[in-house]
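Secondary and tertiary structure notes
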Amino acid sequence: MAPASQPASTSIPGVKKHDVSLYQFFAPGGVLSRTHPAYEFRRGQLQMAQAVEQALEEKRHLIVEAGTGTGKTLAYLVPVIRSGKRVIISTGTKNLQEQLFHKDIPFLEQALFSDGEGRLNVCYMKGRNNYLCRKKLYDLTGQPVLSGLEEIEHYRAIAAWEKTTQTGDRAELAELPEASALWHKIDARSDACIGQKCSSWDKCFITEMHRRAMESDIIIVNHHLFFADLSIKQQSDYAPDAGILPEVGAVIFDEAHELEDVAASYFGVSVSNGRVEELCRDVEASLQRNQMLSGAISGALKSLRERSMFFFALLPQGEGRFSFENRREFLEENGDEFTALHHSLRRLDSELENLRSKPEEVFNFARRAKELEVQFSFLMESEDPNTVFWIERRRGGRDKFNVYLQATPIDVAPILKMCLFDKLECAVLTSATLAVGGGFEYMRRRLGLEHTRESVLPSHFDYENQALFYVPPDLPDPRTPQFAAKAADRIRRLLEITRGRAFVLFTSYAQMNDVYQRLLGELDFPMLLQGDAPKSALLKEFRLTPNAVLFATSSFWQGVDVQGEQLSCVIIDRLPFAVPSDPVVAARVKSIDAEGGNAFFQYQVPAAVITLKQGFGRLIRSLNDRGLLVLLDNRILKKQYGRVFVDSLPNYRKTTELRVVEEWFGAAQEAPDL
């Protein structure tokens with residue numbers, strides 16, 4: 001396989017790819033059984049491969065739920081290779097991208113082309129901010145903009161690495177902290193990119209990545225890059241040089257349950273005080289470097305900074321994400337400040353345009369100022385009925401808030417139908433969690449999918465014998481104040497039975513911290529808390545620490561794989577309904593109800609079902625795993641909608657009795673009264 005850093009090799013003739021049929025590859029005694037050390041025939045894997053091959057041949061879209069253990073990556077990769085088409089594979093997590101590129105595809109290359117005659121042309125692409133911009137690095141040389149010794153050390157390390165790296169991917173820089181302030185100044189994000197007019201164009205890592213993609217049969221990306229690219233193409237009316245992803249015959253969306261939220265974020269609009277400040281900083285640094293910083297431009301920058309500060313300070317106050325429904329009233333009261341902000345952006349744009357014999361990047365600054373002007377107008381004045389307008393405040397360091405003014409499409413289905421599914425020959429959507437109550441109506445409606453083949457494949461795992469699902473019937477409703485204390489007591493008892501070895505997953509940080517504090521000093525097991533260390537470090541510590549218990553929220557509900565006895569229990573505090581006050585959720589609910597639908601059953605319940613399936617999916621990751629699943633929310637037993645959750649889960653063995661849990665773990669010691 002062509003490494004990420006080298007040009008892809010010549011494409012294999014299509015006939016080579018058809019030498020082995022799917023049955024000959026996956027069936028007992030076939031290629032896979034002879035080449036994979038852990039081979040077991042999985043009927044679902046062969047069925048999925050056949051469905052993907054049929055979709056590629058017929059140019060039809062396919063949506064397929066493949067339970068954990070099906071082996072879905074090989075099930076779509078083999079038909080993709082046999083098709084001879086150029087295909088994008090878009091994943092939800094970096095882990096899956098890396099697994100595909102470093103493990104699954106090299107394995108298939110060996111299995112299918114053992115005589116060494118075939119090479120697969122594959123490239124692995126991340127978002128632009130993962131790559132170094134050489135021009136920015138060179139421009140920094142000798143400039144007094146580095147703050148502190150740490151940043152100077154990081155600069156030296158990056159400057160040395162730049163001379164040897166083939167990819168410019170920051171993942172190669174293990175010693176660079178995740179939150180490095182310097183990286184943000186020198187990464188290749190598109191804001192400051194001047195394209196072919198750049199002095200470093202020929203040596204640019206983005207140029208090289210784009211060239212590799214044009215030569216590749218299989219292009220591995222993540223959903224964020226895919227939709228960022230699609231939105232750029234849409235905004236430019238599909239101009240031939242827009243975006244960095246090439247035209248393809250098909251797209252495979254793995255972990256497709258994430259598509260709606262990722263797509264909504266990229267088809268929306270967002271401006272912030274930080275983005276305005278970044279433009280001012282970039283203009284200042286560039287013109288100082290080129291000795292072109294005039295009094296007029298300094299005045300324009302000072303005015304823009306002041307106007308931006310005033311405007312963002314006037315926006316309604318609130319923590320986190322909240323709706324901005326009274327934009328009209330806000331403008332009636334503060335229209336002068338909004339107009340002044342507009343004028344200051346226009347003034348900067350005008351001063352930049354008036355510069356003589358200006359460097360190319362100045363045209364880019366003018367474009368950014370115009371773009372901000374247009375986006376501010378949309379955010380404050382648009383009456384688009386399919387858009388929700390909202391504000392988010394995030395803490396950005398000591399006593400400092402970054403304020404984001406946002407617009408998000410309420411329903412992405414018509415956008416995706418027009419921009420994606422109507423334009424693509426074939427899209428395959430797959431995940432272990434796509435179906436609700438055994439069908440795909442929810443996903444089809446949310447994503448704008450029509451005329452789609454569908455398939456729900458059973459898992460390879462024996463859930464009835466591998467997993468016990470326990471719901472305590474006696475706990476109070478999770479929405480009541482009494483819940484936290486009772487839940488903490490039950491969690492303590494359950495962890496005594498399982499001897500730790502558990503994920504305790506929560507739907508809110510407040511609940512997580514509350515229960516963690518109640519159990520601190522009460523448990524004899526090592527307790528890990530999300531937020532005390534980066535996610536990867538916590539996972540590593542969990543794997544290496546016998547009997548550990550990890551308390552965590554949403555980021556550990558999916559994309560986390562811990563096999564074996566180390567993880568023998570997953571406890572979830574409550575049914576994971578999205579926060580109803582979240583502005584995007586509230587707008588979707590309002591929109592569905594206004595059209596005569598029932599948002600609770602059409603949107604809130606199905607979304608929660610998929611999240612619950614994801615959370616419980618952390619437990620059984622191999623044929624040898626065995627363990628306990630706990631939901632502390634007995635609304636699943638008592639409410640009418642609970643049946644939808646139960647019917648959507650795998651066929652776990654179920655109980656409401658603690659005694660059965662004890663027997664399951666062979667821990668039938670006398671249980672204290674609860």
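All of the points below concern the structure found in this document.

Analysis parameters
Residues numbered from 1 in each chain as written. Predicted model: local features only at pLDDT ≥ 70, side-chain atom pairs only at ≥ 80, totals over all residues. Heavy atoms only, no water. Helix = DSSP H or I, 4+ residues; strand = E, 2+ residues; numbered from the N terminus. Rg over C-alpha atoms; globule rule 2.2 N^0.38 Å. Buried < 20%, exposed > 50% of the residue type's maximum accessible area, 1.4 Å probe, protein only. Areas by Shrake-Rupley, 256 points an atom, 1.4 Å probe, with all protein chains shown as cover. 1 Å grid on protein atoms, 1.4 Å probe; cavity = no way out; pocket = protein on both sides within 12 Å on 5 of 7 lines; lining within 4 Å. Points joined across faces, edges and corners; volume = space filled by probe spheres on them. Nonpolar A, V, L, I, M, F, W, Y, C, P; charged D, E, K, R; others polar. Phe/Tyr/Trp six-rings, centres within 6.5 Å; stacked < 30°, edge-to-face > 60°. Lys NZ or Arg CZ within 6 Å of the ring centre and 35° of its normal. Contact = heavy atoms within 4.5 Å. Axes fitted to C-alpha atoms, helices over the stretch in contact; angles between N-to-C directions. Left-handed = near helix turned anticlockwise from the far one by under 90°.

Turning to the overall build of the protein chain, a few remarks are in order. Looking only at helices and strands, one finds 27 helices and 18 strands in the protein chain. Over its C-alpha atoms the protein chain spans a radius of gyration of 27 Å, differing by no more than 12% from the 26 Å that the globule rule assigns to 674 residues. On the principal axes, the C-alpha backbone points of the protein chain span a range of 80 × 65 × 55 Å. Scored against the burial criterion, the 674 residues of the protein chain give a buried share of 54%. For the protein chain, the accessible surface area stands at approximately 30,300 Å², while carbon and sulfur atoms represent 49% of it.

For the rest of this paragraph, the subject is empty space enclosed by the protein. One pass over the full model with this rule turns up two cavities of 30 Å³ or more. The volume enclosed by the largest cavity comes to roughly 50 Å³. Within the residue set of the lining of the largest cavity, elements represented by two or more residues are α13 (273-289) and α16 (360-381). Sort the elements by how many residues they give to the lining of the largest cavity and α16 lands first, with three residues. Its residues assigned to classes, the lining of the largest cavity comprises two nonpolar, no polar and four charged.

Moving on, we come to the packing of aromatic side chains. The full count for this structure, using the stated rule, is 27 aromatic pairs. The interplanar angle of 15° and the centroid separation of 6.3 Å between the aromatic rings of Phe506 and Phe551 together place this pair among those described as stacked. A residue pair is termed long-range when its members are at least 10 positions apart, and Phe506 in the loop between β13 (502-505) and α21 (509-519) and Phe551 in strand β15 (residues 549-552) qualify at 45 residues. Residue Phe506 is classed as buried on the basis of its relative accessible area, which comes to 1%. Here the aromatic residues Phe311, Phe312, Phe324, Phe330, Phe338 and Phe376 are joined through ring pairs into a cluster of three or more. Here the basic side chain of Arg394 rests over the ring of Tyr404, its NZ or CZ set 4.0 Å away from the ring centre. Taking the ring centre of Trp664 as reference, the NZ or CZ of Arg626 above it sits at 3.9 Å.

A separate point is the environment of Val660. Assignment of secondary structure puts Val660 in helix α27 (residues 658-664). Looking at Val660, the relative accessible area reads 10%, which means it is buried. Once residues within four sequence positions are removed from consideration, Val660 is found in contact with Leu468, Arg653 and Thr655.

With that settled, the discussion passes to the packing of helix α4 (residues 43-58) against helix α5 (residues 72-83). Pairs of packed helices are described in terms of their axes, by the angle between the two and the distance that separates them. Relative orientation of the contacting elements α4 and α5 amounts to 35°, with a least axis distance of 8 Å. Considering the relative orientation of α4 and α5, their crossing is right-handed. For the pair α4 and α5, contact is made by Gln45, Met48, Ala49, Val52, Glu53 and Leu56 and by Lys72, Leu74, Ala75, Tyr76, Pro79, Val80, Arg82 and Ser83, respectively. Across the contact of α4 with α5, the residue classes tally to nine nonpolar, two polar and three charged.

With that settled, consider the environment of Phe542. Along the chain, the position of Phe542 falls in helix α22 (residues 535-544). What makes Phe542 buried here is its relative accessible area of 0%. Each C-alpha atom of the pair Phe542 and Val562 lies 9.0 Å from the other, and the pair is 20 residues apart in sequence.

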